[in-house]
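Okay, here's what each chain looks like letter by letter:
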Amino acid sequence: MTQESAKVQKSKVKSQKSIPPYPTLIILAILAVLPLTGLSSYMMHIFILVIMWAVIGMAWNLLGGYCGQVSFGHAAYFGVGAYTAGILYSKLGLSPWWGIPLSIIVVALFSFVLGFIVLRLRGPFFALATLASGEVMRVTAENLQPLTGGTLGILVQERTWIVKTWYYYVILAIAAGTFFLVKKLIESKLGYYFVAIREDQDAAESLGINTTLYKTLALCISGVLTGIAGAFYTNYMGYIDPHVAFALHDISIITIMIVMVGGVATFWGPFAGAVIMVLLAEYIRSMPGLGAAHQTLFGILLIVIIIFLPNGIVGDFPKLKRLLGLRSASQ
Amino acid sequence: MTPVQLEVFLQTLIAGLLLGGLYALIGLGMTLIMGVMKIINLAHGELMMVAMYIAYWMFVLFHIDPYLSVFIATPVLFLLGAAIQKFLINPMLKVESILPENQVILTVGIGMVLANLATLFFKSDYRSTPVDYATSAFYLSDFWKASPIELSLSLPWAVSFIFAVGITIALWFFLARTDTGKSIRATAQDTDAALLMGVNVKMMRVVTFGIGSGLVGAAGCLFLPIYYLFPSLGGQFTLIAFVITILGGLGSTVGAIIGGLILGVFESMTATYIGMGWAPVGRFVVFVACLIFLPGGVASLLKKKRFGK
């Protein structure tokens, strides 16, 4: 083993420490009382977006970071979840809230079938197959006009709540569930199986780990969590169309960016990433005349992060501190 | 088959083969990069978009025909690709990270920057080059008066196809006959052995990425007279290139050509018999069917030694 790969091994092992439960609880408690402080509607909107993206980021991290299956198509699960809620409303006249429990079943089935196809691929080929699957779902949604309304999308007219506070609590509850589920998973035997598959799939297989089973499991859990976020999105925004729900750049790539910026295979990475990305996006959007600039900046940020902080802000925190001169280089 | 059905079928077949020739050129660039460097360039379609904008502005500003722009855009794209490899991807190879897919994600970032810079500079308008030969075509009845069926061959499509074939042959000569070409093939087959034989592997990577970009740049110029242009067109062509690469067998140049033709024919059949909008779904069907039934791609059928692995 070369010195370089030994270093990589060390950094990988470090990310497998068990996560203390208190910070999560404290953060959740702070977030729970936050609406009582009388924040503006716009601030609530930002918080809702941050928490929603943190959920999607955690979901992606479970599959991509811990299990090593880098998916470029999480928009597929997001969109299927979103459309489950939307179609329930537009075709059956049910409240789109039913979409959240139902999307668990729909997305689980969907990701199981998709997993059967894409999980036989490895590494970059898996990444590309998932990218294609997201795009195919978008085209399918555009063409299945009777069911999805085609490019016109679905407008949910009966908004349940006007006040954002209740949406905030719903997504916070989803996030709390996601955080504890992901925490439980990565601290359990299953989490170690995931990491074993990421590190060396053949070795894991030879040790008797049923890699197909665990990869499918990781994909289904990750897909379902993303799908729930999608169903929430339909309820919150009240409108979906194929370009929004199955967006390659605005969903799939942003999801990867959140995890990459925050820290791949770190528990806190997706939070940090979601905060940074949402705030950055909103800040750039608030500046006039910078329409396409925010995607350009995101692209540059992605390149810079990959070259200089490949394990993200959380994963490479000591390195970041050193770069910023907060700690002497010897440490 | 009635004459009308036959006519539709043959016309679709011709359109598919012409499209396939251009697809093969796009796929060739990707398969070359994939074969030598084992990385997937997800900015492939965006590089093509850049070449199309170069050709477009050449036409608008200096009235240079898009077919002549091949000779301008290809070298420019070669330099751009070489620079990307030298300054972004090569340093990246040294960086330690948890996920090996960082390289793929890096190219996504490059693609994002290119596509959005194009949006920033040129707006997201759809543009096309108003070449005067855009609608001219050859008809079968012009050559064969008593023909029972009528077939047409669009002039720009035919010219693009001939150009694509010419470039492919030139590439083949380059890889088979020149020293640089041989070094590239050596790097693809066994990087370590090539290094020991005195091949400058790092340089070969830069050159290969340049050639791959140049090829897709040429394809972009050939697409311009027959297609419209907008900043986000890259994504779909990246996917097309990737499907062709899988279909052809990873890293196989001959496979990429056959893969391109198969995909072109399949897509135009889907468009004729199922519906225009379903072509991308058809692409995915080919892709999945290939993964399940023919994991080695066309190359495994040819039983040729693979170009790299």
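Residues numbered from 1 in each chain as written. Chains lettered and ligands numbered in written order. Predicted model: local features only at pLDDT ≥ 70, side-chain atom pairs only at ≥ 80, totals over all residues. Heavy atoms only, no water.

Draft legend 1. Representation of the overall build of chain B. Counting its regular elements, chain B contains 13 helices and 2 strands. Here the C-alpha atoms of chain B give a radius of gyration of 20 Å, agreeing with the 19 Å that 2.2 N^0.38 yields for 309 residues. Along the three orthogonal principal directions, the C-alpha set of chain B runs to about 65 × 50 × 35 Å. By residue count, 55% of the 309 residues in chain B fall in the buried class. Within chain B, contacts between residues separated by at least 24 positions form 76% of all contacts whose residues are at least 6 apart in sequence. Treating the 17 positive side-chain charges of chain B as one cloud and the 13 negative ones as another, the clouds have centres 12 Å apart. (Helix = DSSP H or I, 4+ residues; strand = E, 2+ residues; numbered from the N terminus. Rg over C-alpha atoms; globule rule 2.2 N^0.38 Å. Buried < 20%, exposed > 50% of the residue type's maximum accessible area, 1.4 Å probe, protein only. Contact = heavy atoms within 4.5 Å. Lys, Arg positive; Asp, Glu negative; His and termini not counted. Charge placed at Lys NZ, Arg CZ, Asp CG, Glu CD.)

Draft legend 2. Focus on helix 7 (residues 179-189) of chain B. Residue and element names in this part refer to chain B. Along helix 7, the residues that are buried comprise Gly181, Ser183, Ile184, Thr187 and Ala188. With its buried residues spanning 160° around the axis, helix 7 presents them on a single face. The exposed residues of helix 7 that point more than 90 degrees off its buried face are Asp179 and Gln189. The elements touched by buried residues of helix 7 are helix 1 (3-37), helix 6 (155-177), helix 8 (191-196) and helix 9 (201-223). (Arc of directions from axis to C-beta.)

Draft legend 3. Summary view of the interface of chain A and chain B. Taken together, the contacts link 47 residues of chain A with 38 residues of chain B. Both faces combined, the contact of chain A with chain B buries some 4000 Å², and carbon together with sulfur accounts for 82% of it. Ranking the residues of chain A by area buried against chain B places Phe125(A), Leu128(A) and Ile307(A) at the top, with a combined share of 14%. Inspection of the chain A/chain B interface yields 0 salt bridges. If you look at where chain A meets chain B, you find 0 residue pairs in polar contact (both at pLDDT 80 or more). For the side of chain A that touches chain B, the elements supplying multiple residues, two or more each, are helix 1 (3-14), helix 3 (41-66), helix 6 (123-143), helix 13 (248-262) and helix 15 (293-308) of chain A. (Buried area = accessible area lost by both parts, 1.4 Å probe. Salt bridge = Lys/Arg side-chain N within 4 Å of Asp/Glu carboxyl O. Polar contact = N/O pair within 3.5 Å; in protein donor to acceptor, adjacent residues only side chain to side chain.)

Draft legend 4. The packing of aromatic side chains, seen in detail. Summed over the entire model, instances satisfying the criterion amount to 29 aromatic pairs over all chains. Considering the side-chain rings of Phe267(A) and Phe271(A), the 6.1 Å spacing of their centres and the 50° angle between planes classify their relative orientation as tilted. Taken individually, Phe267(A) and Phe271(A) each receive the classification buried, so the pair is uniform in this respect. A ring pair is formed by Tyr56(B) and Trp57(B), whose centres lie 5.2 Å apart and whose planes are at 80°; its orientation type is edge-to-face. Judged by relative accessible area, Tyr56(B) falls into the buried class, the value being 10%. (Phe/Tyr/Trp six-rings, centres within 6.5 Å; stacked < 30°, edge-to-face > 60°.)

Draft legend 5. Region of interest: the pattern of salt bridges. Residue and element names in this part refer to chain A. With the rule as written, the count across this model stands at 5 salt bridges over all chains. Here Glu135 and Arg138 are joined by a salt bridge, their closest N and O atoms 3.1 Å apart. Placement of the pair is Glu135 and Arg138 together in helix 6, with a separation of 3 residues, close to one helical turn. Relative accessible area serves as the criterion here: at 17%, Arg138 is assigned to the buried category. Three or more residues are tied together by salt bridges with common partners; here these are Glu135, Arg138 and Glu142.

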